[in-house]
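Observations on the model geometry
Each chain is listed here by its residues.
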There are 2 protein chains.
Amino acid sequence: MFEQINGGVCAAKGFKAAGVHAGVKKNSNPDKNDLALILSEKECTAAATYTLNRVKAAPVYVTMEHLENGVAWGVVVNSGNANACCPMSHENATAMAQAAAKLTGHNAEDFAVASTGVIGQTINIAAIEAALPAAADKLERSEAASDSAARAIMTTDTVKKEVAYSCEIGGKTVTVGGIAKGSGMIHPNMGTMLCFITTDCAITHEMLEDALRDIVTKSFNRVTVDGDTSTNDTCVVLANGMAGNELIEWKNEDYDKFYEMLSALCKTMAKMIAADGEGASRLLTCVVKNARSEECAERLAKAVVGSSLVKAAMFGADANWGRIICAMGYSKAPFRPEYVDIGFASVAGEILVCEQGAAVAFDEELAKKILTQSEITIDINVNEGEDSAECWGCDLTYDYVKINGDYRT
Amino acid sequence: MFEQINGGVCAAKGFKAAGVHAGVKKNSNPDKNDLALILSEKECTAAATYTLNRVKAAPVYVTMEHLENGVAWGVVVNSGNANACCPMSHENATAMAQAAAKLTGHNAEDFAVASTGVIGQTINIAAIEAALPAAADKLERSEAASDSAARAIMTTDTVKKEVAYSCEIGGKTVTVGGIAKGSGMIHPNMGTMLCFITTDCAITHEMLEDALRDIVTKSFNRVTVDGDTSTNDTCVVLANGMAGNELIEWKNEDYDKFYEMLSALCKTMAKMIAADGEGASRLLTCVVKNARSEECAERLAKAVVGSSLVKAAMFGADANWGRIICAMGYSKAPFRPEYVDIGFASVAGEILVCEQGAAVAFDEELAKKILTQSEITIDINVNEGEDSAECWGCDLTYDYVKINGDYRT
């Protein structure tokens, strides 16, 4: 259907990017980029999803305003400070867009703005304004440029998150690429999740927004616990139409192809974010099958990957399925405990540990082998219906506590 | 109003207790009691609250049945195995009550049954039946007896939880005492919370149940996150009337006195459970004041003490209030971020760190001093209404991960 390609956020035609070090955080490593700029050669149709937290950072409000007309040219984003809950935050978020606009010959309203980092400290806007000209100078369409932008938005992320896919739509090659930063959290959406996606697909604002909203609920929001969302979460997609495909303006076959590709990109990013959760040593995927509804399956799977006890057990490679059925029990989703089967799987094999809600004898050695891998699947069959869902998380480790015990200083 | 006295679950007239080692867990320490018996000299009015988890352990169902008539004589409880999600669990829970009844000359239905420990492994009922006669022999009304019962129900608890109060009601001394075991969890109700309370107060079943239900929601349930509850949570109160006070059969002044005393006992137990959360180094109390409603205040306070990020920051004595306002934001309770004041307090002093939703300059040295104490209060004023609530939790430490990374083995 589509293939993975290089180039990240610069993979689609007409998109340039750059990442530089601005020094947003005092005494920060001069080799660590903390300011990124993404720019399209042509005006883009833009869609975005934002945090549902009642406390929203200023850049979220500013981006909401700027993208209200469904049109944008680029994105300016910093790490090192969330620009939330502090004096002048709205003015400073606007200033970031103004500075980017001035350097690129556009209006401030043409830019999405995002920030990630500590809450409650006034952002060093002077450092950002001073570094932006260098970023504008560096703008180019290359793998290196996407790499430098992807690195600029990292905070406690240990790996950069970048992916791109392309496929044929109506005889034209259409590309979707993006960069993201992890929530870096064990309860992912409590931290900041940022994702910037570019595509050369020709698609209307309405179709782009429909696709993004639907996909985000089934990708990024499935690394979430109970709707926990940070003050800064933002996912923006810019579509400049340069692929030359026939404009997608209704839900036809072309739309389906584009949807599948965008969906694959968001799911890949979501899993990368989960795998790189702060201190994580394993990616956990919880698959709930044969539930009464997809919502029910999702709720059960989320409760499992969100349970501190399950996460700690997975860190210890302990096949403690009692904690899994316990988490399902408090998820508030309907199911019959006496119907539930639970198993674990990884590249090392698969094993059933609970059948019809009760213990089954299993090979502890094999369980240990399965659970010591870096990607673990928790397979749950509730044997009641036909719907399923998959959610992602990570284990709870000493390093999580270490990282979060003194993050601010 | 009332005074704290010694004697725990044996403090009230007519209540005997005992704790012994049965060896419920294979190769367990022979010095660790794991089986407790509590017995009244007279028939008791009984009330109880249970886990809301959809997955309930067998002893919970058995106790529900046995206490349905509002009458009981005693409690039999083991640690080391939850007797949940395994074959024969219902039969084994019933067998525990039958064995206790036979030894004490009562009916099985006169006993509440409870278990705590690992889920999904068949309980060693033979060990329990073999040890019960020794427990029945040891039954006595003494501080030592309450102590041995309190120790028998501990799992990962590091301190026993036992408290008693007495006061005058209608010219008679009425006593309430109890023992509890901690959830031993960072999200407390995910583990097992057990509490057994005895009183010599003369009170009707209806009044006792009303008081207990109301009090549990404002004490034990305020160490809870999002209604998370284990498969085994149980709180039982037995009232044998031996204080000789006039029977409390409506909500008069006597009821109010009894209510206050029972409430104080449950709150003290709840705080002891929070302070002894697995791996905890600090007790966190979050007080939310001037909210639109008590429910709103409770929701906000619970989100704060339940946030892994806030807990990790408290472990690091880091005044990272951004995580507090972020947790409030995703609590789903209504409030205006721009009205919120946040401060920290402990025996070392108090400090304001956020005013009207934004950072205020504060003395980092003083903040560190305040936050390195073992009991910390997070003071939140939402400046909107007149209602308040208090919730309890603990910090998230390396030891939590250590304890839970390999609990089952």
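Residues numbered from 1 in each chain as written. Chains lettered and ligands numbered in written order. Predicted model: local features only at pLDDT ≥ 70, side-chain atom pairs only at ≥ 80, totals over all residues. Heavy atoms only, no water.

1. Regarding the overall build of chain A
Across its full length, chain A carries 11 helices and 15 strands. Relative to the compact-globule value of 22 Å for 409 residues, chain A shows a C-alpha radius of gyration of 22 Å, a close match. Its C-alpha atoms give chain A principal-axis dimensions of roughly 70 × 55 × 35 Å. Out of the 409 residues in chain A, the part that is buried amounts to 64%. (Helix = DSSP H or I, 4+ residues; strand = E, 2+ residues; numbered from the N terminus. Rg over C-alpha atoms; globule rule 2.2 N^0.38 Å. Buried < 20%, exposed > 50% of the residue type's maximum accessible area, 1.4 Å probe, protein only.)

2. Looking at the pairing of strand E8 (residues 194–199) of chain B
All names here are of chain B. Across the six residues that make up E8, a large majority, six, are buried. Burial along E8 is two-sided: the face carrying Leu 194, Phe 196 and Thr 198 and the face carrying Cys 195, Ile 197 and Thr 199 are both buried. As paired strands, E8 and strand E9 (residues 234–239) are joined by six bridges and run parallel to one another. Paired with Cys 195 across the strands is Cys 235, a residue of E9. (Pairing = 2+ DSSP bridges.)

3. Notes on helix H2 (residues 89–104) of chain A
Residue and element names in this part refer to chain A. The terminal C-alpha atoms of H2 lie 23 Å apart, and with 16 residues this matches the ideal 22 Å at 1.5 Å per residue to within 8%. Close packing links the buried residues of H2 with strand E3 (35–50), helix H1 (58–66), strand E4 (71–79), strand E5 (111–116) and helix H3 (125–138). A positive backbone phi angle near 75° is found at Gly 105, which sits one or two residues after H2. (Expected span 1.5 Å × (residues − 1). Contact = heavy atoms within 4.5 Å.)

4. A word on the sheet that holds strand E14 (residues 375–381) of chain B
Residue and element names in this part refer to chain B. Spatially, the six strands line up as an open sheet ordered E13-E12-E11-E14-E10-E15, and their pairing is mixed. Two strands bound the open sheet, and with one partner strand each, they are strand E13 (358–359) and strand E15 (387–394). Where helix H10 (residues 364–371) meets the sheet, its contacts fall on strand E11 (341–346), strand E12 (349–355) and E14, and the angle it forms with E12 comes to roughly 120°. (Axes fitted to C-alpha atoms, helices over the stretch in contact; angles between N-to-C directions.)

5. Points about the packing of helix H5 (residues 205–218) of chain B against helix H6 (residues 253–275) of chain B
All names here are of chain B. Two numbers describe how H5 lies on H6: the axes approach to 10 Å, and their chain directions differ by 40°. Viewed along their axes, H5 and H6 adopt a mutual orientation that is oblique. Viewed along their axes, H5 and H6 form a crossing whose handedness is right-handed. Contact with H5, carried on its side by Met 207, Leu 208, Asp 210, Ala 211, Leu 212, Asp 214, Ile 215 and Lys 218, involves Tyr 255, Phe 258, Tyr 259, Leu 262, Ser 263, Cys 266 and Lys 267 of H6 and no other residues of that element. (Parallel < 35°, antiparallel > 145°, perpendicular 65-115°, else oblique. Left-handed = near helix turned anticlockwise from the far one by under 90°.)

6. Here's the deal with the sheet that holds strand E12 (residues 349–355) of chain A
Residues and elements named next belong to chain A. Ordered by their spatial adjacency, six strands build an open sheet running E13-E12-E11-E14-E10-E15, and the pairing between neighbours is mixed. The strands lining the two open edges of the sheet, one partner per strand, are strand E13 (358–359) and strand E15 (387–394). Here E12 pairs with E13 via two bridges, running antiparallel. Each residue of the ladder has a partner; that of Glu 355, found in E13, is Ala 358. The strands touched by helix H6 (residues 253–275) within the sheet are strand E10 (283–291) and E15, with E15 carrying the most contacts at an inclination of about 40°.

7. Quick look at the packing of aromatic side chains
One pass over the full model with this rule turns up seven aromatic pairs over all chains. On the numbers, 6.1 Å between centres and 40° between planes, the contact of Tyr255(B) with Tyr259(B) is tilted. Residue Tyr255(B) and its partner Tyr259(B) are both found in helix H6; the two are separated by four residues, about one turn of the helix. For Tyr255(B), a relative accessible area of 5% puts it in the buried group. Aromatic rings pair up to connect Phe315(A), Tyr398(A), Phe315(B) and Tyr398(B) into one cluster. (Phe/Tyr/Trp six-rings, centres within 6.5 Å; stacked < 30°, edge-to-face > 60°.)

8. Observations regarding unusual backbone geometry
Unusually for a residue other than glycine, Lys332(A) sits at a positive phi of about 70°. Mapped onto the elements of the fold, Lys332(A) is located in the loop between helix H9 (321–329) and strand E11 (341–346). For Met88(B), which is not glycine, the phi torsion reads 70° and is therefore positive. Mapped onto the elements of the fold, Met88(B) is located in the loop between strand E4 (71–79) and helix H2 (89–104).

9. Notes on the environment of Ala297(A)
Note on placement: Ala297(A) falls in helix H7 (residues 294–306). For Ala297(A), a relative accessible area of 0% translates into the label buried.

10. Considerations on the packing of helix H11 (residues 398–405) of chain A against helix H11 (residues 398–405) of chain B
Look at H11(A) against H11(B): their axes get within 8 Å of each other, and the N-to-C directions meet at 165°. Between H11(A) and H11(B), the crossing angle belongs to the class labelled roughly antiparallel. Two packed elements cross with a definite hand, and for H11(A) against H11(B) that hand is right-handed. Contacts between H11(A) and H11(B) involve Tyr398(A), Val401(A) and Lys402(A) from the former and Tyr398(B), Val401(B) and Lys402(B) from the latter.

11. Observations concerning the side chain of Thr285(B)
With respect to the helices and strands, Thr285(B) occurs in strand E10 (residues 283–291). Residues within four places of Thr285(B) in sequence aside, it is in contact with Ile376(B), Thr377(B), Ile378(B), Glu390(B), Cys391(B) and Trp392(B).

12. With respect to the confidence of the model for chain A
Residues and elements named next belong to chain A. Overall, the prediction assigns chain A a mean pLDDT of 90, with 95% of residues at 70 or greater. Confidence, expressed as mean pLDDT per element, reaches its minimum in chain A at H11 with 74 and its maximum at H3 with 98. Note that pLDDT drops below 50 for residues 185–190; the model gives that stretch 40 contacts with residues more than four away or on any other chain. In the predicted assembly, ipTM is 0.73 and pTM is 0.80. (pLDDT = per-residue confidence, 0-100.)

13. A short note on the pairing of E14(B)
Residue and element names in this part refer to chain B. Where E10 and E14 come together, seven bridges link them in parallel fashion. By the bridge assignment, Val 288 is partnered in E14 with Ile 380. As paired strands, E11 and E14 are joined by five bridges and run antiparallel to one another. Residue pairing across strands places Ile 342 opposite Ile 380, the latter belonging to E14.

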